[in-house]
Amino acid sequence: MEKRAKIQGYDVDLMTFDEVIFECLDSIKNNKVVHLETINPEIIQQAKKNPVLKKVLHEAEIVTPDGVGIQIALKLKGISQEKVTGVDLSYRMLDECEKAGIPVALIGAKPEILNLATQNIKTKHPNINIVCTNDGYFSDFSPIIDKIVNSGAKFILCAMGAPKQELFIYELKKRMQCGVMIGVGGTFDVFSGCVKLAPEIYRKLGLEWLYRTIKQPERFKRIFPTLPIFFFQSIIDSIVSKD
Ligand code: UDP
């Protein structure tokens, strides 16, 4: 495994996008079970108040920076690290799964969004082997976990938002013999075509969060005051922490 850094006590792997993809494919090939967490400031702030989520994050096999917030926190420690986001990983891994014949499960989002996303994925990847789909609006994890395990899926995208997707992956992980599981938030909304990815200029400037907040103003309460508090604590962390 490559080098890791710590942000306020939470691990982040310092891997390139291609290294992460290699690690995922290699893990599937070698029958390993991997929870890949794409971490962001909101999840870290939630974990500080939720001991179970904290444990889940600490036990994730791979943790990648989902956006500019984590990049800035790393920069404060003198570390330059590229973003490795859930949506980019999903696009590339679906491509790789199609090529390698890896069975895929898509779990999350509203039923009609999931249907649209599944159709669009099948159109883009005509040879993909999607063995299991389920919307994300369930409270009893057990039957959905049974369904995934019985399907033989080895690459599982969980798009239920944090912390539900992390807690679900943690339970699923206990039952999997082999496979890579990634929590990818609102990625199926993007795949369905109902939500647009931020234009390239916003992505380049690290302002996806601004674009998403302009498009969905109700998201403002998710980033304020969470983000300013996270950055203030990251500055303190970069001064006092020895990690
Ligand atoms: N969602 C779900 N189950 C739930 C709550 C939410 O499947 O119980 C879905 C929701 O429909 C959306 C995604 O989870 O597709 C969360 O998107 P959000 O934009 O909040 O995630 P982010 O990308 O910000 O983590």
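In this text the structure is predicted, and so the values were computed from the model without any measurement.

## Some points on the pairing of strand β6 (residues 130-134)
As judged from the four bridges shared by strand β5 (residues 104-108) and β6, these two strands associate in the parallel manner. Its bridge partner being in β6, leucine 106 is matched across the sheet by threonine 133. Of the crossover connections in this fold, the one passing from β5 over helix α6 (residues 111-124) to the parallel β6 is right-handed.

## So, the site of the ligand
Near the ligand, the surroundings consist of 15 residues, among which Gly136, Tyr137, Asp189, Arg219 and Arg222 are the closest. A distance of 3.5 Å separates an oxygen atom of the ligand from a polar atom in the backbone of glycine 161. Between the ligand and arginine 212 there is a distance of 3.2 Å, counted from an oxygen atom to a side-chain nitrogen or oxygen. When the ligand is considered free in solution it has 550 Å² of accessible area, and contact with the protein chains removes 77% of it. Of the residues that constitute the shell around the ligand, the class distribution is four nonpolar, five polar and six charged.

## Some thoughts on the side chain of glutamate 98
One can find glutamate 98 in helix α5 (residues 86-100). The buried charged residue glutamate 98 lacks any salt bridge partner; its closest oppositely charged side chain belongs to lysine 99, at an N-O distance of 7.8 Å. Here glutamate 98 is in contact with His125, Pro126, Asn127 and Ile128, once residues within four sequence places are set aside.

## Things to note about α6
Spanning 14 residues, α6 covers 20 Å between terminal C-alpha atoms, matching the ideal 20 Å at 1.5 Å per step. Within the span of α6, buried status applies to Ile113, Leu114, Ala117, Thr118 and Ile121. Taken around the axis of α6, the buried residues stretch over an arc of 130°, which confines them to a single face. Set apart from the buried face of α6 by more than 90 degrees, the exposed residues are Asn115 and Thr123.

## Let's talk about the environment of asparagine 40
When you line up the elements, asparagine 40 lands in the loop between β3 (33-39) and α2 (41-49). For asparagine 40, a relative accessible area of 17% translates into the label buried. On a C-alpha basis, the gap between asparagine 40 and threonine 85 in space is 9.6 Å, while along the polypeptide they are 45 residues apart. In this view, asparagine 40 contacts Asp66 and Ile70; residues no more than four positions away in its chain are not counted. A polar contact of 3.1 Å, which involves the side chain of asparagine 40, links it to the backbone nitrogen of glutamate 42. At a separation of 2.9 Å, a polar atom in the side chain of asparagine 40 contacts the main-chain amide nitrogen of isoleucine 43.

## Here we look at the packing of helix α3 (residues 51-59) against helix α8 (residues 164-175)
Contact pair α3 / α8: the axes reach a minimum separation of 10 Å and the direction vectors enclose 60°. Looking at the two axes, α3 sits oblique to α8. Like other packed secondary-structure pairs, α3 and α8 cross with a definite hand, here left-handed. In contact with Val52, Leu53, Lys55, Val56, Leu57 and Glu59 of α3, α8 contributes Glu166, Leu167, Tyr170 and Lys173. Residue classes in the contact of α3 with α8 are distributed as six nonpolar, no polar and four charged.

Thresholds applied
- Residues numbered from 1 in each chain as written.
- Predicted model: local features only at pLDDT ≥ 70, side-chain atom pairs only at ≥ 80, totals over all residues.
- Heavy atoms only, no water.
- Pairing = 2+ DSSP bridges.
- Helix = DSSP H or I, 4+ residues; strand = E, 2+ residues; numbered from the N terminus.
- Right-handed = clockwise from strand over helix to strand, strands pointing away.
- Near = heavy atom within 4 Å.
- Polar contact = N/O pair within 3.5 Å; in protein donor to acceptor, adjacent residues only side chain to side chain.
- Areas by Shrake-Rupley, 256 points an atom, 1.4 Å probe, with all protein chains shown as cover.
- Nonpolar A, V, L, I, M, F, W, Y, C, P; charged D, E, K, R; others polar.
- Buried < 20%, exposed > 50% of the residue type's maximum accessible area, 1.4 Å probe, protein only.
- Lys, Arg positive; Asp, Glu negative; His and termini not counted.
- Salt bridge = Lys/Arg side-chain N within 4 Å of Asp/Glu carboxyl O.
- Contact = heavy atoms within 4.5 Å.
- Expected span 1.5 Å × (residues − 1).
- Arc of directions from axis to C-beta.
- Axes fitted to C-alpha atoms, helices over the stretch in contact; angles between N-to-C directions.
- Parallel < 35°, antiparallel > 145°, perpendicular 65-115°, else oblique.
- Left-handed = near helix turned anticlockwise from the far one by under 90°.

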